[in-house]
Amino acid sequence: MSNKKKSDKGITSRAEDYSQWYNELVVKADLAENSGVRGSMVIKPYGYAIWEKMKEQLDKMFKETGHQNAYFPLFIPKSYFSKEASHVEGFAKECAVVTHYRLKTAEDGTIVVDETAKLEEELIVRPTSETIIWSTYKKWIQSYRDLPLLINQWANVVRWEMRTRLFLRTAEFLWQEGHTAHATSAEAIAETTQMINIYAEFAEKYMAMPVIKGSKTEKERFAGALETFTIEALMQDGKALQSGTSHFLGQNFAKAFDVTFTDKTGKQEYVWASSWGVSTRLMGALIMAHSDDKGLVLPPKLAPIQVVIVPIYKSEEDLEKIRELVNGITDQLKEKGISFKFDDRDTHRPGHKFAEYELKGVPVRLALGMRDIANGNIELARRDTFEKKIFPQEGIADYIDNLLKEMQEAIFNKALKFREEKTHKVDTYEEFKKVLNEETGFILAHWDGTSETEEKIKNETKATIRCIPFDAPEEEGRCMVTGKPSNKRVLFAKSY
RNA sequence: CGGGGUGUAGCGCAGCCCGGUUAGCGCAUCUGCUUUGGGAGCAGAGGGUCGCAGGUUCGAAUCCUGCCACCCCGACCA
């Protein structure tokens, strides 16, 4: 009976069913919902507000490192798409294709495709924009003076995935994709490295989510890349989530699209390239990294509302007195650049509002009633720890300002502690399997460096090599499967 | 694409096996009164092409045939 009541008002607990917990949380916290189109979601205002905060910060970081935004078309002619062989192979199986450009009304009154309006050449809805961008860059780049070319675009892309999940994998998703061109290999690699560092900084400082930076193995590399760098985060169910990637493309795309430049010595050379991206999948990462059975837990830096104020009153006169006091407090919050909401709706009672803002992950909640007014106090509750305290109204804005910073750190530290507890070093394959089944999480183990072994491990355990961490210490060891020598440990996990 | 399942009010479901009043229930919505320091109570009201198209029948949400859509589990993926 109590369970039934719980499912009406609250959400399924993580222990009960992690995946259901996630789905219910996304819907009930008003972040997104499924649409009438398979695998495509509607991002609701509250969810979009979080995405906008992420976007705003990332955009700032890109611009600070010399990048500019531009916009390239949604449709890509099929012919462009087939120039870089390994790239096509990677995406061909999941492309939406436009074949006609007109509809008509059939005799029975239904709307049908007008077969006479067939396109000469089919258009591909972009699954990523390398091809259309590189065919444009060919026109933009002639001399070393045109380099480096540092461009980013914010866009939507479509990948016809078999199985989809809100934010984590949708058929259409929002992202940014950076595409840069350089005169030398070293510069392109430096760019690729710089961008993965920016992603890591964003993840850790803004999303409060610790990540491990590293290189992908050949098997897990982006289609058409020579090197893929990644940031990997650990979710609360012990699975890894690839949260951002940066690719060194070598001269593959330059050669495929014939993009050359004249260098200082007058020689014709192909340019060197990088591409990098993060998507609305970061929303999924943010949700799964911190949230609890009561709902969302948002790091203050990304919370659309940082402080909510709930009045507790019996009469209009009471509410007026509260409102006056609240105005004084919100003026101070405004000065400090803290976002807030005064929820004076008369249609819901305080308890309802408390639960609602916990579900939505608002970091700080203030409650103010006649009792507090009489004593010059205010009640403050923090979302991450549920700690509730009574404070004097005097100086509350300063206190909140510090508290938000403290919470940002506390949320990161909690996630970091969790990751450390869930990271295991193992030396034998038996131990590896045991940890995967009983503990889950990240596993650091020796690997012989071959795709065969990697494949075998994946088939037998479903775990993959998430990355070869940049900071992995040199260490003599033997591959846990084949016993061949290895000089560092790589990071394994089951992943999303 | 293989295996399983579901389509009935805005949402979640019952009814179907065994055909028969006016198709129910919970949540939500609307109105009124009382409430307001942890998801309010009572009273009343509105809301349906029963996924679509055929068929069987005096009669179909229920039986039959075909189609469509969606969900879950696998192989692929940010």
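Residues numbered from 1 in each chain as written. Chains lettered and ligands numbered in written order. Predicted model: local features only at pLDDT ≥ 70, side-chain atom pairs only at ≥ 80, totals over all residues. Heavy atoms only, no water.

This part takes up the packing of aromatic side chains. Aromatic rings considered in pairs are described by the distance between their centres and by the relative angle of their planes. With the rule as written, the count across this model stands at 16 aromatic pairs. Taking the centre distance of 5.8 Å and the plane angle of 15 degrees together, the rings of F202 and Y206 count as stacked. Residue Y206 is classed as buried on the basis of its relative accessible area of 18%. Taken together through their ring pairs, the aromatic side chains of W51, F62, W154, Y199 and W276 make up a single cluster. (Phe/Tyr/Trp six-rings, centres within 6.5 Å; stacked < 30°, edge-to-face > 60°. Buried < 20%, exposed > 50% of the residue type's maximum accessible area, 1.4 Å probe, protein only.)

Where charged atoms from two side chains of opposite charge come close, those side chains can pair. For the structure shown, the criterion picks out 30 salt bridges. With a shortest N-O distance of 2.8 Å, R14 and D293 are connected by a salt bridge. With a gap of 279 residues between them, R14 in the loop between α1 (2-9) and α2 (18-28) and D293 in the loop between α9 (281-290) and β17 (307-312) connect regions that are remote in the sequence. A residue is classified by how much of its surface remains accessible, and D293, at 31% relative accessible area, is partly exposed. For the salt bridge of D30 with K44, the shortest nitrogen-to-oxygen distance reads 2.7 Å. Residue D30 is found in the loop between α2 and β1 (32-34), and its partner K44 is found in the loop between β2 (41-43) and α3 (45-64); the two are separated by 14 residues along the sequence. (Salt bridge = Lys/Arg side-chain N within 4 Å of Asp/Glu carboxyl O. Helix = DSSP H or I, 4+ residues; strand = E, 2+ residues; numbered from the N terminus.)

All right, on to the sheet that holds strand β5 (residues 97-100) then. Strands sit in the order β4-β8-β5 across an open sheet of three strands; the sheet is antiparallel. Every other strand in the sheet has two partners, leaving β4 (75-77) and β5 as the edge strands with one partner each. Direction aside, the axes of adjacent strands within the sheet are offset by 40 degrees on average. (Pairing = 2+ DSSP bridges. Axes fitted to C-alpha atoms, helices over the stretch in contact; angles between N-to-C directions.)

The local shell around RNA strand B holds 33 residues, among which R163, R169, R281, R349 and D372 are the closest. Expressed as a percentage, the sugar and phosphate content of the atoms of RNA strand B within 4 Å of the protein is 42%. In the environment of RNA strand B, a base nitrogen lies 3.4 Å from a nitrogen or oxygen atom belonging to the side chain of S279. When contributions to the surface near RNA strand B are tallied by element, the ones reaching two or more residues are α11 (350-359), β19 (364-369) and α12 (370-375). The dominant element in the surface near RNA strand B, judged by the number of residues it contributes, is α11, at seven residues. When its residues are assigned to classes, the surface near RNA strand B shows ten nonpolar, seven polar and 16 charged. (Near = heavy atom within 4 Å. Polar contact = N/O pair within 3.5 Å; in protein donor to acceptor, adjacent residues only side chain to side chain. Nonpolar A, V, L, I, M, F, W, Y, C, P; charged D, E, K, R; others polar.)

In short, the description is geometric, and any link to function would need to be established separately.
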